[in-house]
Amino acid sequence: MPRANRVTIKDVASRAGTSVATVSYVLNNCQDRYITPEMRKNVEDAARDLGYVKSMVASGLKGKKMGVIAFLTPQFDNHYFMEIFFAIEKIANQKGYVLSVCNTYDDPVHERAVLERMNQLWVDACLIIPTYRGTENTAYLRTHNIPLIAIERPLMGIGNDAYDFISSDNFQAAYDMTTHLIGKGHRRIALAYWDSLISNLNERFAGYQKALADHGIAFDETLVKRTALNNRTEHLTHVEGARITEEILEDPTVTAIFYSQYVLAEGGIKYMRQHKIQIPEQISVGVLGGPKWVEMSEVRFAHIVQPGQLIGEKAAEIIFAKLEDGSTAYVQEKLTGILHSGDSVRDLNVV
């Protein structure tokens, strides 16, 4: 069926037998002009009978808030990113705002198109988990002082004092998991690693290296198995996790695998189950991330739970400080994840 035309303020004015200006005064509850009770009732009845819905875009053009905040995520199916979204949405609802969530698919071209559309719709603010070209794509928002906060991934190439940013501590998470594996007697620890253009994800590699160094273990480049994605910007997949795991297991000296992304872990663990490789009896496993399956399978996996809810709450606090209080101070903060030891790591110290 063809879509019905929207009811306009002109339609209401025609039904009520008055001018568009009078309808606007009534529907906006203006008090600086006298309108007879009879006329107010005519306008209200006409609006109700016609099903008139006020245009928020028109309100935005008059300088009023739209009540809409854009949330851009690169991976709609990423449980961690959705945990952040739900925490923000809860607070936004309490304050009378709605979140418009958009998936950029980790594609910077699509990210730019979405941001342009959000600008056209005059959203009040933008929360973004950016692609590697997020700095370029958010330039308009930053230039025009539209409230913006980058979450989990930084806007690369600009100073920390130039925008708001909140994330988990990638370095500390990798350091803590590697230290946990070392504490269980493991020395040949392979790293399954997304070789990304996103700068702070590389902090996971740095945390792994630092933990080895602090415990007197020489770094071995052959134990770092990187993704083979074109231009390092394609989606992570289970296929990559399986490929990397197969490559790691070709080295019989490896006793533990640290998966620095949970998607790689999903593919790797599926591969090991298909090939009857026992965890932790034959190989120990640690995961950075906390999808539900890490504690719901027959093996409870050692993992780092990233503070998604807290990050979302902090992001909402920052953005509403700007929307409601006019705050101009920039906030940069990293929040620490929590290690859950599970039982996927064999203790080699026990004879």
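Figured I'd write up the structure that's included with this text. (Residues numbered from 1 in each chain as written. Predicted model: local features only at pLDDT ≥ 70, side-chain atom pairs only at ≥ 80, totals over all residues. Heavy atoms only, no water.)

## Examining the sheet that holds strand β1 (residues 68–73)
Sheets are built from strands paired through backbone hydrogen bonds, the pairs being either parallel or antiparallel. This is how the line gets drawn: Being paired, for any two strands, means DSSP has found at least two bridges between them. Only DSSP runs of H or I covering at least 4 residues are called helices, and only runs of E covering at least 2 are called strands; the numbering of each starts at the N terminus. Lines fitted to C-alpha atoms define the axes, with helix axes restricted to the stretch in contact, and inter-axis angles between N-to-C directions lie between 0 and 180 degrees. Here, two residues are considered to be in contact whenever any of their heavy atoms come within 4.5 Å of each other.
Spatially, 6 strands are ordered β2-β1-β3-β4-β5-β11 in an open sheet, and the strand pairing comes out parallel. At either margin of the open sheet sits one strand with a lone partner, and together these are β2 (98–103) and β11 (332–335). In this sheet, neighbouring strand axes are inclined to one another by 15° on average, regardless of whether the strands run parallel or antiparallel. As defined by bridge partners, strand β4 (residues 148–151) adjoins strand β5 (residues 164–168) across 3 bridges and the pair is classed as parallel. Paired with I151 across the bridge in β5 is I166. Sheet contacts for helix α14 (residues 308–325): β1, β3 (125–128), β4, β5 and β11; angle to β5, the most-contacted strand, approximately 170°.

## Brief notes about the environment of K90
Test applied: Type-normalised accessible area, obtained with a 1.4 Å probe on protein chains alone, sets the label of each residue: buried when under 20%, exposed when over 50%, and partly exposed for intermediate values.
The residue K90 is located in helix α5 (residues 79–94) in this model. Overall, K90 belongs to the exposed group, its relative accessible area being 58%. Taking C-alpha positions, K90 is 9.4 Å from A316, a pair spaced 226 residues apart along the chain.

## With respect to the layout of surface pockets
Which entries qualify depends on this criterion: Points on a 1 Å grid, built from protein atoms alone, make a cavity when a 1.4 Å probe fits but cannot get out and make a pocket when they are open with protein on both sides within 12 Å along at least 5 of 7 lines; residues with an atom within 4 Å of a point are the lining residues. Grid points are joined across faces, edges and corners, and a volume is the space filled by probe spheres set on the points. Each residue is assigned to one class: nonpolar for Ala, Val, Leu, Ile, Met, Phe, Trp, Tyr, Cys and Pro, charged for Asp, Glu, Lys and Arg, and polar for all the others, Gly among them.
Volume-wise, the largest pocket comes out at about 410 Å³. Lining of the largest pocket is provided by 23 residues; of these, Q75, N78, L236, Y262 and V263 occupy positions nearest its centre. Of all elements in the fold, only α5 and α12 (262–274) reach the threshold of two or more residues within the lining of the largest pocket. Tallied by class, residues from the lining of the largest pocket come to 11 nonpolar, 8 polar and 4 charged.

That is the geometry; function is a separate question.
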